Amino acid sequence: MITFSKRQLKIPKFARDVYLVTGGNSEFRRAFPEKRTEELCIDALQESARYIGMTAAELKKYIHTCYYGHFADHFGDQLLGEAVIHDRLGLDPLGTIGVKTGGATGGSTIWEAAKAVASGYSDCTLAMGWERMDEVPTDEGNHLISCAADKDWETPLGHIYTGYYAVMAQKYWQVYGREEESFRRTLAEISVKNHGYAYHNPFGHAGFKITVEDVLKSPVVAYPLRALDCCLMSVGASCVILADKETAYQMCKNPLLVYSTAGSHTLRPACRRDMDIPLLPNETGETYKNLDREFPGGERYPGFTGFLAARMAAYYAYNWARIKDPSEDLDVVELHDAFTISDVQTYEDIGIRPYGKGRDYVESGDCYHTNPKTGKPGRLPANLSGGLIGCMHAVGATGIMQVVDVMYQVHGRHAEIHGDPERWKRYGKQKPKDWEDLQVKGAKRGLAISHAGVGSHVTCTILMQPDARLDK
Amino acid sequence: MSDYTIKVVEGKYKLSGDFHTIEPNKPILDTAGKLCGITNPRNMVYTHSYGGEAPFFAGITKGRLIATRCDNKDCKDSYESVFLPFRIHCPDCLERTTEVDITDIANKSARVYTFMVCERSGAFNTLEKPIRFVNIEFEGVTTILMSYLLGKQEPKIGMKVRPIFRTKSPTYTITDLAFVPAETAEKDLPAGFTFSK
């Protein structure tokens, strides 16, 4: 589809408001030889119960239907893994369904769970996601991931998903990055930032302090991307509990309003066709009048330099939640930093910066908790969890972990959860002596982007304190 | 190795031989000898229909590049659009498309839109590493085909290239199609590959 009807561009709306009551994570690691997946899911559910002062048994009594995000059945050689988890959580005979949309599985699971509440079918839903990627050797894992590409037109070409993705990075690198050394260093800064934030996050498994030089010296994976530009491969689980207003206030004192939208684009990047750029509320036709002159080679939209699915998810979400400018109206974001370069692409897709100008979000210092240039709070801090590069990428859980971390921020409880010495101890880690409080002061609105592979599915979830809503 | 044959007879798959092999499970122990888990070996063969795309995959084994075109005059977005990857139905009007041979257009106009040199591969890979992924634009074609570059030159955006075909001992997969720099001589083509026929 390269032109849209008015009906297709309808701004979405829930039939009734949906609230986020609570959420929780398991620990994330590269492998858990000593734990079954169900143990990780139960850890996440127990975390979410404790967060609102309930027992898991008390929390379960509110749940009416369940939505499970688990992407890669073939990694675990277990079809209907969702039914296994549902049983082990003791939630039979409630209605349940599995959701899988690649890397966006977590966000899509929330999208489904939210719509069930909005429609009135359920007053309280569970959205739980997990992934188990430690049960095959890495090269077989690469093959299994490459099965998410087109099995006839792409997978036989190397059985390596990185190759299908990295051609887009190359195009962006050459057209918008102009192959500049300064841009290469900007990409490295994203990795330094996200590993650095994960250092303060007890849930994550790759928190460490590195420098731009460390990133630039790490092995090349697919030029210009190096090992430290890439996300982690993790095992773990996350969940959230959603409810209608009345139920939400029975369960906790301060539930958060939820807006959740989705977009999609071709599974094969090859099938992307040239089209007009759909505009966000902070853009006009003038914004892109000179784009192809300023960046020769960027004539096609989205070509291989943008993600239409992300743009559409943001279009629906911003117009619905009345976000005019994400940098003005949001306080914190969690983006799908699968690779440093795709993180920059996403800044543009969701309007934090116009197309071609994404690097400025990093170079200005706006994306930091504390702007390193000014020493003042960053304008719109990104990925304070450490993101996929520093914290985790356990595919089905990722989009949910992001929303949980935004929830901590918007509730003002980020330091309480991330700084709890008992949690660090429980995960066999030492809380760093130089641990930093990454709470964004006064955060009222946050956003999470959940993104699949080459951009086939993207969701946008916005959380708000109810008194900060903009649509009423 | 599985030893099997398969044919389509009167609209049904006719299978004979072994499509999987059985290997025993092995326990996974920790250093103290405590049982942690079990291996589950799986060696099996899938059968898969190319369906309406079969003409494309047959075409590349014969040195021809077959695309499709929407010929529905009522299709507002895609009338006369040419698709490669081959689409059986127009993505907009969903009418059946028409097969068009674009080999000559490809020979004259193929250019690299973007590329990636990849040192790694997944299990079951049959291509030589590093793999030089290239995405190819053709004149008059709406989409951008993914393939791989062979030959000695490194890929560049905008580079003129030509399709080559594994017409000798084809694999009947997308790997039977590759590209080489446009100036490559026939004698320099990789073993098993030819220019269009």
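Quantities reported herein were computed from a predicted structural model and do not represent experimental measurements. (Residues numbered from 1 in each chain as written. Chains lettered and ligands numbered in written order. Predicted model: local features only at pLDDT ≥ 70, side-chain atom pairs only at ≥ 80, totals over all residues. Heavy atoms only, no water.)

Trainee: Go over a nonpolar patch on the surface with me, naming the residues and quoting the values.
Mentor: Residues and elements named next belong to chain B. Together, Tyr 4, Ile 6, Val 8, Tyr 13 and Leu 15 make up a nonpolar patch on the protein surface, roughly 470 Å² of accessible area in all. Counting residues per element, the ones that place at least two in the nonpolar patch are β1 (4-9) and β2 (12-17). Considering every element that reaches the nonpolar patch, the biggest residue donor is β1, with three residues. Here Leu 15 shows up in strand β2. (Patch = residues over 30% accessible without salt bridge, like charges linked within 9 Å, V, L, I, M, F, W, Y side chains within 5 Å. Areas by Shrake-Rupley, 256 points an atom, 1.4 Å probe, with all protein chains shown as cover. Salt bridge = Lys/Arg side-chain N within 4 Å of Asp/Glu carboxyl O. Helix = DSSP H or I, 4+ residues; strand = E, 2+ residues; numbered from the N terminus.)

Trainee: Describe the packing of helix α8 (residues 181-198) of chain A against helix α14 (residues 340-349) of chain A, with residues and values.
Mentor: Residues and elements named next belong to chain A. Between α8 and α14, the least distance of the axes is 9 Å, while the angle of their chain directions is 95 degrees. Viewed along their axes, α8 and α14 adopt a mutual orientation that is roughly perpendicular. Seen from α8, the contacting residues are Phe 183, Leu 187, Ile 190 and Ser 191; seen from α14, they are Thr 340, Ile 341, Asp 343, Val 344 and Tyr 347. Partitioning the contact of α8 with α14 into residue classes produces six nonpolar, two polar and one charged. (Axes fitted to C-alpha atoms, helices over the stretch in contact; angles between N-to-C directions. Parallel < 35°, antiparallel > 145°, perpendicular 65-115°, else oblique. Contact = heavy atoms within 4.5 Å. Nonpolar A, V, L, I, M, F, W, Y, C, P; charged D, E, K, R; others polar.)

Trainee: Before we move on, can you summarise the interface of chain B and chain A with the specific residues and values?
Mentor: Contacts between the two partners involve 47 residues from chain B, matched on the other side by 36 residues from chain A. Of the roughly 3,700 Å² buried where chain B meets chain A, counting both sides, 63% is carbon and sulfur surface. Considering only the surface of chain B that becomes buried against chain A, Tyr 113, Met 116 and Met 146 of chain B emerge as the three largest contributors, covering 17% of it. The residue Arg 42 of chain B makes a salt bridge to Asp 77 of chain A at a minimum N-O spacing of 2.7 Å. Among the elements of the structure, α1 (54-61), β10 (111-118), β11 (131-137) and β12 (145-148) of chain B are those that each provide at least two residues to the side of chain B that touches chain A. Looking at which element gives the most residues to the side of chain B that touches chain A, the answer is β10 of chain B, with six residues. (Buried area = accessible area lost by both parts, 1.4 Å probe.)

Trainee: Got a sec to walk through the pairing of strand β7 (residues 236-243) of chain A? Specific residues and values, please.
Mentor: Residues and elements named next belong to chain A. Taken across its eight residues, β7 has eight buried, putting it largely inside the fold. Alternating positions in β7 separate into two faces, Gly 236, Ser 238, Val 240 and Leu 242 on one and Ala 237, Cys 239, Ile 241 and Ala 243 on the other, with burial throughout. The pairing of strand β1 (residues 19-25) with β7 spans six bridges and is antiparallel. Within the sheet, the bridge partner assigned to Gly 23 lies in β7 and is Val 240. Across eight bridges, strand β4 (residues 124-131) lies against β7 in antiparallel orientation. (Buried < 20%, exposed > 50% of the residue type's maximum accessible area, 1.4 Å probe, protein only. Pairing = 2+ DSSP bridges.)

Trainee: Summarise the domain arrangement of chain B; cite the residues concerned and give the values.
Mentor: According to the domain assignment, chain B consists of domain 1 (4-44) and domain 2 (51-188). Relative placement of domain 1 of chain B and domain 2 of chain B: their C-alpha centres are 34 Å apart. (Domains from an automatic or database assignment.)

Trainee: So, the sheet that holds strand β8 (residues 82-83) of chain B: which residues are in play, and what are the values?
Mentor: Residues and elements named next belong to chain B. In space, the three strands of this open sheet follow the order β8-β7-β9, with antiparallel pairing throughout. Each of the sheet's edge strands pairs with one partner strand only, and the pair in question is β8 and β9 (98-101). Bridging between strand β7 (residues 66-69) and β8 involves two bridges; their strand directions are antiparallel. Within β8, the residue paired with Arg 69 across the bridge is Val 82.

Trainee: So what about the layout of surface pockets? Which residues, and what values?
Mentor: Residues and elements named next belong to chain A. Its volume calculated, the second largest pocket comes out at about 980 Å³. Taken together, 38 residues form the lining of the second largest pocket, with Ile 145, Thr 162, Cys 231, Met 233 and Phe 339 sitting closest to its centre. For the lining of the second largest pocket, the secondary-structure elements that each account for two or more residues are α6 (138-146) and α7 (161-175). Each residue belonging to the lining of the second largest pocket can be placed in one class, and the counts come to 21 nonpolar, 14 polar and three charged. Both of domain 1 (19-136) and domain 2 (258-465) provide at least three residues apiece to the lining of the second largest pocket. (1 Å grid on protein atoms, 1.4 Å probe; cavity = no way out; pocket = protein on both sides within 12 Å on 5 of 7 lines; lining within 4 Å. Points joined across faces, edges and corners; volume = space filled by probe spheres on them.)

Trainee: Describe the pattern of salt bridges, and please don't skip the residues or the numbers.
Mentor: All names here are of chain A. This model, assessed by the stated rule, comprises 43 salt bridges over all chains. Residues Lys 100 and Asp 73 are paired through a salt bridge, measuring 3.4 Å at the closest nitrogen-oxygen approach. Here Lys 100, found in the loop between β3 (95-99) and α5 (105-119), pairs with Asp 73, found in helix α3 (residues 73-76); they are 27 residues apart in sequence, far enough to count as distant. Its relative accessible area of 37% is what places Lys 100 among the partly exposed residues.

Trainee: Can you break down the pairing of β2 of chain B residue by residue, with the values?
Mentor: Judged by how many residues are buried, β2 of chain B sits mostly at the surface: zero of six residues are covered. Hairpin connection of β1 of chain B to β2 of chain B: two residues between the antiparallel strands, including Glu 10 of chain B at a positive phi of 50 degrees.

Trainee: For the packing of α5 of chain A against helix α17 (residues 395-410) of chain A, give the residues involved together with the corresponding values.
Mentor: Residue and element names in this part refer to chain A. Where α5 contacts α17, the axes come no closer than 5 Å and their chain directions differ by 65 degrees. Accordingly, the angle class assigned to the pair α5 and α17 is roughly perpendicular. In this structure, α5 contributes Thr 105, Gly 106, Gly 107, Thr 109 and Ile 110 to the contact, and α17 contributes Val 395, Gly 396, Gly 399, Ile 400 and Val 403. Classifying every residue of the contact of α5 with α17 by side-chain character gives four nonpolar, six polar and no charged.

Trainee: Quick one: what's the story with the packing of aromatic side chains, residue by residue and with numbers?
Mentor: Residue and element names in this part refer to chain A. Scanning all chains against the criterion turns up 26 aromatic pairs over all chains. Look at Tyr 161 and Tyr 164: their rings are 5.8 Å apart centre to centre, the planes differ by 65 degrees, and that puts the pair in the edge-to-face class. Of this pair, Tyr 161 and Tyr 164 are both found in helix α7, three residues apart, which corresponds to roughly one turn of the helix. Neither residue differs from the other here; Tyr 161 and Tyr 164 are each classed as buried. Considering the side-chain rings of Tyr 259 and Trp 320, the 5.2 Å spacing of their centres and the 80 degrees angle between planes classify their relative orientation as edge-to-face. Highlighted residues: Tyr 259 in strand β8 (residues 256-264) and Trp 320 in helix α12 (residues 308-321), separated in sequence by 61 residues. Look at Tyr 259 and you get buried, because its relative accessible area is 2%. By relative accessible area, which is 9% here, Trp 320 ends up buried. Here a set of aromatic residues connected by ring pairs shows up, and it is made of Tyr 172, Trp 173, Tyr 176, Phe 183, Tyr 223 and Phe 295. It is Lys 115 that lies over the ring of Trp 111; its NZ or CZ is 3.5 Å from the centre. The side chain of Arg 426 reaches across the aromatic face of Tyr 427, ending 5.9 Å from its centre. (Phe/Tyr/Trp six-rings, centres within 6.5 Å; stacked < 30°, edge-to-face > 60°. Lys NZ or Arg CZ within 6 Å of the ring centre and 35° of its normal.)

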